[in-house]
Amino acid sequence: MKKTALYDKHLSLGAKIVPFAGYEMPVSYSGIIDEHQTVREHVGIFDVSHMGEFIIKGEGALDLIQRVTSNDASKLTDGDAQYSCLPNGKGGIVDDLLVYRLAEEEYMLVVNASNMDKDWDWISSHNTSGVEMKNISDDTSLMAVQGPKTAEALQALTEVDLGAMKYYTFVRGTFAGFDNVIISATGYTGSGGFEIYVANENAAAVWDAIMKAAGSHGIKPIGLGARDTLRLEMGYCLYGNDIDDTTSPLEAGLGWITKLKKATDFVDKEFLVEQKAAGLTKRLVGFEVLDKRPPRQGYPIVNADGEEIGKVTSGTKGPSVGKPIGMGYVQKAYSKKETTIFIDVRGKKIEAKVVGLPFYKAK
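Residues numbered from 1 in each chain as written. Predicted model: local features only at pLDDT ≥ 70, side-chain atom pairs only at ≥ 80, totals over all residues. Heavy atoms only, no water.

(A) Structural view of the overall build of the chain. Across its full length, the chain carries eight helices and 20 strands. Counting only C-alpha atoms, the chain reaches 65 × 50 × 40 Å along its principal axes. The buried share of the chain, taken over its 363 residues, is 55%. Nonlocal contacts in the chain, meaning residues at least 24 apart in sequence, comprise 65% of its contacts between residues at least 6 apart. For the chain, the exposed area adds up to about 15,600 Å²; of that, 50% sits on carbon and sulfur atoms. (Helix = DSSP H or I, 4+ residues; strand = E, 2+ residues; numbered from the N terminus. Buried < 20%, exposed > 50% of the residue type's maximum accessible area, 1.4 Å probe, protein only. Contact = heavy atoms within 4.5 Å. Areas by Shrake-Rupley, 256 points an atom, 1.4 Å probe, with all protein chains shown as cover.)

This is the structure:
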């Protein structure tokens, strides 16, 4: 099992450590509910250094990215980030990822830890023009500092005007006394904040600086458990649960990152054009359970007659919304808002209703 550069910090803070995507990672510190609400109301810091980072550089870099990703990276200018996915050539998804434009012919792709090798091999297999590729994952640490008070809490650590940064933009600058740090106005919690990319050797010092600077703003370390409940309340997909090699981006509600009219042909473009024209047979939906029991991944979704119409992909009791919520794929006929569906919990039908996403809306 790999360890991040911040592993000793987690041990000293009393984190519960679990294996995740080949790493020893903190799942919780003070408890998932407490950590979840800390991010919703104050500031939380996550170690997400297990994520993968690839540099794609030189002539043909944009063309390669355009061919393997579903979104339109030609729209990016220096300092822009973009959410996208890698179609797999069979109607499914290799991974979802972020694309950062560092310079005119230099990009950074940020991928999921569990898919790092698969993604690298997939992109490499389409690199027919000898574009320079470098995997910097093992040299890079990533901290997500999230919550409504984050900009104020971190401002003393940088001359970059954090409050003026727009969502999905980034700056390379000085942070906590270290140069060439990427400060990115991104995150997967729905509560605002930044993601900070630093060299491994500087990670511990940056972590300490963040904890000190944000101490008066109620910062706490946050584990993967609360990361999951936070993203689910926002209706954000988790690879391996809500999207995978068998789900198309259109079925997953990711049509907004699937640019079928972009100039460059990309993997699965023809399939996706045809799928859209023919109409989807299943859709990923959000639902609220009208019961106290939270749904769990893999539970069957059935109709009033008990016929299976889908499967739960993610579920929990949302700490901020105060009710059991979930996502899952259902037949198209059951995908409209307010439709009554049932979750099969070990043979017992639990009523639920389809609702719009996100479940949580900031006040």
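Now that the structure has been shown, the text picks up again.
(B) Fine view of the nonpolar core. Ranked by size, the top nonpolar core spans 37 residues in total, and within it Phe 46, Tyr 100, Leu 102, Met 108, Val 110, Tyr 197 and Ile 243 carry the most contacts. Elements represented by at least two residues in this core include exactly strand E6 (81–87), strand E7 (93–103), strand E8 (106–111), strand E10 (140–146), helix H7 (224–233) and strand E18 (323–331). Sort the elements by how many residues they give to this core and E7 lands first, with four residues. Contacts of Tyr 197, omitting those with residues within four sequence positions, involve Glu 53, Tyr 100, Met 108, Val 110, Thr 140, Ser 141, Leu 142, Val 181, Ile 182 and Ser 184. In terms of nonpolar packing, the next biggest core, distinct from the first, is built from 27 residues, Val 181, Ile 183, Val 198 and Ala 203 among them. (Core = buried A, V, L, I, M, F, W, Y, C linked by side-chain atoms within 4.5 Å.)

(C) The sheet that holds strand E16 (residues 300–302), seen in detail. Spatially, the six strands close up into a barrel ordered E15-E18-E17-E16-E19-E20, and their pairing is antiparallel. Put simply, the sheet's adjacent strands are angled 45° from each other on average, direction ignored. Bridging between strand E15 (residues 282–289) and strand E20 (residues 348–355) involves four bridges; their strand directions are antiparallel. Note on E20: the bridge partner recorded for Phe 287 is Val 354. On the sheet, H7 packs against strand E17 (308–318) and E18 and is oriented at approximately 120° with respect to E17. (Pairing = 2+ DSSP bridges. Axes fitted to C-alpha atoms, helices over the stretch in contact; angles between N-to-C directions.)

(D) The sheet that holds strand E9 (residues 132–135), seen in detail. The five strands are arranged E6-E7-E8-E5-E9 in an open sheet whose pairing can be described as antiparallel. The outermost strands of the open sheet, each flanked by one partner alone, are E6 and E9. Strand-to-strand, the axes of this sheet are offset by a mean angle of 25°, without reference to chain direction. In terms of strand pairing, E6 meets E7 through seven bridges, oriented antiparallel. Among the inter-strand pairings, Ala 81 is bridged to a residue of E7, identified as Tyr 100. Against the sheet, helix H4 (residues 116–125) touches strand E5 (52–57), E6, E7, E8 and E9, its axis set at about 175° to E9.

(E) Examining the UniProt feature "binding site: substrate" (unreviewed entry) in the chain more closely. Under the UniProt annotation, "binding site: substrate" (unreviewed entry) lies at Glu 195. Take Glu 195: it is sitting in strand E13 (residues 193–199). Using a relative accessible area of 6% as the deciding quantity, one classes Glu 195 as buried. (UniProt positions renumbered as here; feature names shortened; annotations may be inferred.)

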